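Spelled out from the first residue to the last, the chains are:
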Amino acid sequence: MASEKSFLLVVAVLLLLSPALGAKERCNPQDKKALLQIKKDFNNPYVLTSWKPEEDCCTWYCVECDRKTNRIVTINIYLSVPETNFSAKIPDSIGLLPYLQTLTLHHLPYLTGPINPAIAKLTNLNFLQISRTNISDPVPAFLAQLKKLTYIDLSFNNLSGSIPPELGQLPKLEALHLDRNHLSGPIPASFGSLKSNPDIYLSHNNLSGPIPPSFFRLNLTRLDLSRNKLVGDASGLFGATKATETIDLSRNQFAFDLSKVKFSKTIISLDLNHNKLYGALPASLTALDNLQLFNVSYNRLCGKIPVGGNLQKNDVYSYFHNKCLCGSPLPKCSN
């Protein structure tokens, strides 16, 4: 009798320690089927080893199920160390997850080919990151069909061609990263319609031409247009009432009178080096109490550097190679 009680006690303990035994699988069968097809189409990489048909897909690595609906809402395939066996293109099967909200494919150097049009089927997608891969071809215009998108990161890839103007139709966009690709052509005028005022990063491309006037309507917090071939007057990006915190226009061919620019007191970082700016540094720069990074080197500026604020906290390299700038931290102005 005692042995029977001991046996029942052991069974009870095992059941408590293994709640999955006899429990209903959370994973939606259609989602599981889609994920297994995605794994196959990705050539069964090591990072997806946990994607086994006999196990609940809500417990798999790189995915997340909604707690209420149990539908797959997140795919996050990220490699801290590149895998030589992850060599594939973005498959059509990626479009078989109708409830997907977050798609991240990051640090996958052997991921190649274009951004698959099947992604346009993911109408609930709000976060898209395909970065540090070797995907190529143009940025697809079909991304504008995904009206819930708040975040797009396509940085550090081999994308080429022009930026599709359709991206200006995204009503909820909060951040757009297209930096470090091979994009060319102008900044789309349609970006002036982005009422959500997203953070915009377009640096390290081959963009050319002037900034469209419509773009100046935006009230951006963070903007990086550095290392392109942009020209003309960019002074419309600034304004005393704007919410600008960081702006990087360095290494372009912008040309405008800096002395006439009004700056927002919210600016933390302002990098204008390697352009064709002229005029003097406005005294209003001394009122920028939050200014931490400031660089106007390699321009055509002249006159005395205003004294005060944070301007003298920057070293010589923030001011040198101008036409005739002088005063601390540069040498004194001559009479």
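Residues numbered from 1 in each chain as written. Predicted model: local features only at pLDDT ≥ 70, side-chain atom pairs only at ≥ 80, totals over all residues. Heavy atoms only, no water.

Chemist: Help me understand the confidence of the model for the protein chain in this model?
Modeler: As a general rule, the predicted coordinates of low-pLDDT regions are not to be interpreted in detail. Averaged over all residues, the pLDDT of the protein chain is 93; the fraction at 70 or higher stands at 92%. When the criterion is pLDDT under 50, residues 7-22 qualifies, and its contacts beyond four places in sequence or with other chains add up to zero contacts. (pLDDT = per-residue confidence, 0-100. Contact = heavy atoms within 4.5 Å.)

Chemist: Is there a simple way to think about the nonpolar core in this case?
Modeler: Inside soluble globular proteins, nonpolar side chains tend to come together where they are buried. Counting 91 residues, the largest nonpolar core has Ile75 and Ile119 as the members making the most contacts within it. The set of elements that each furnish at least two residues to this core consists of α2 (29-41), β1 (63-65), β2 (72-78), β4 (102-113) and β5 (127-137). At four residues, the largest contribution of residues to this core is made by β4. Discounting residues that sit within four places of it in the chain, Ile75 has contacts with Leu35, Ile38, Cys62, Val63, Ile94, Leu97, Leu100, Thr102, Leu103 and Thr104. (Core = buried A, V, L, I, M, F, W, Y, C linked by side-chain atoms within 4.5 Å. Buried < 20%, exposed > 50% of the residue type's maximum accessible area, 1.4 Å probe, protein only. Helix = DSSP H or I, 4+ residues; strand = E, 2+ residues; numbered from the N terminus.)

Chemist: It is not clear to me how the state of the cysteines should be interpreted in this structure. Could you clarify?
Modeler: Taken as a whole and assessed by the stated rule, the structure comprises four disulfides. Disulfide pairing places Cys27 opposite Cys57 at an S-S distance of 1.8 Å. Across the disulfide from Cys27 to Cys57, rotation about the S-S bond amounts to roughly 90°, and the bridge is consequently right-handed. Within this pair, whereas Cys27 is found in the loop between α1 (2-17) and α2, its partner Cys57 is found in the loop between α2 and β1, the two being separated by 30 residues in sequence. At a sulfur-sulfur separation of 1.1 Å, the disulfide partner of Cys302 is Cys324. Handedness here is read from the sign of the S-S torsion; for Cys302 and Cys324, about -80°, the answer is left-handed. Here Cys302 is found in strand β19 (residues 300-304), whereas its partner Cys324 is found in strand β20 (residues 324-326), with 22 residues between them in sequence. For Cys302, a relative accessible area of 27% puts it in the partly exposed group. Assessed through its relative accessible area of 32%, Cys324 is described here as partly exposed. Take Cys62: it sits in no disulfide, and the sulfur closest to it among the cysteines is that of Cys57, at 13 Å. (Disulfide = S-S within 2.5 Å.)

Chemist: Got a minute to help me understand the side chain of Ser297 in this structure?
Modeler: For Ser297, the location among the structural elements is in the loop between β18 (293-295) and β19. Those residues in contact with Ser297 that lie beyond four places of it in its chain are Asn273, His274, Tyr317, Ser318, Tyr319, Phe320, His321 and Asn322.

Chemist: Looking at this structure, I do not really get the environment of Tyr110. What am I missing?
Modeler: Inspection of the secondary structure puts Tyr110 in strand β4. Here Tyr110 falls in the partly exposed class, since its relative accessible area comes to 38%.

Chemist: Honestly, the packing of aromatic side chains in this entry has me stumped. Any pointers?
Modeler: All told, the structure shown has seven aromatic pairs when counted by the stated rule. Between Tyr298 and Phe320 the ring centres are 5.5 Å apart and the planes differ by 80°, which places this aromatic pair in the edge-to-face class. Of the two residues, Tyr298 sits in the loop between β18 and β19 while Phe320 sits in the loop between β19 and β20, which places them 22 residues apart along the sequence. When its relative accessible area of 23% is taken as the criterion, Phe320 is described as partly exposed. Here Tyr317 and Phe320 contribute two aromatic rings whose centre-to-centre distance is 5.2 Å and whose plane-to-plane angle is 85°, an arrangement assigned as edge-to-face. Judged by relative accessible area, which is 55%, Tyr317 ranks as exposed. (Phe/Tyr/Trp six-rings, centres within 6.5 Å; stacked < 30°, edge-to-face > 60°.)

Chemist: Just checking my understanding: could you explain the side chain of Asp56 for this structure?
Modeler: Mapped onto the elements of the fold, Asp56 is located in the loop between α2 and β1. An unpaired buried charge is present at Asp56: no salt bridge exists, and Arg26, the closest side chain of opposite charge, is 5.4 Å distant. A polar contact of 3.1 Å, which involves the side chain of Asp56, links it to the backbone nitrogen of Cys27. Those residues in contact with Asp56 that sit more than four places away from it in its chain are Glu25, Arg26, Cys27 and Lys32. (Lys, Arg positive; Asp, Glu negative; His and termini not counted. Salt bridge = Lys/Arg side-chain N within 4 Å of Asp/Glu carboxyl O. Polar contact = N/O pair within 3.5 Å; in protein donor to acceptor, adjacent residues only side chain to side chain.)

Chemist: What should I look at first to understand the pairing of strand β7 (residues 158-161) in this one?
Modeler: Consecutive residues of a regular strand have side chains that alternate between opposite faces of the sheet. Where β5 and β7 come together, two bridges link them in parallel fashion. Bridging across to β7, Asp137 finds its partner in Leu159. Bridge analysis of β7 against strand β9 (residues 182-185) gives two bridges, and the strand direction is parallel. Note on β9: the bridge partner recorded for Ser160 is His182. (Pairing = 2+ DSSP bridges.)

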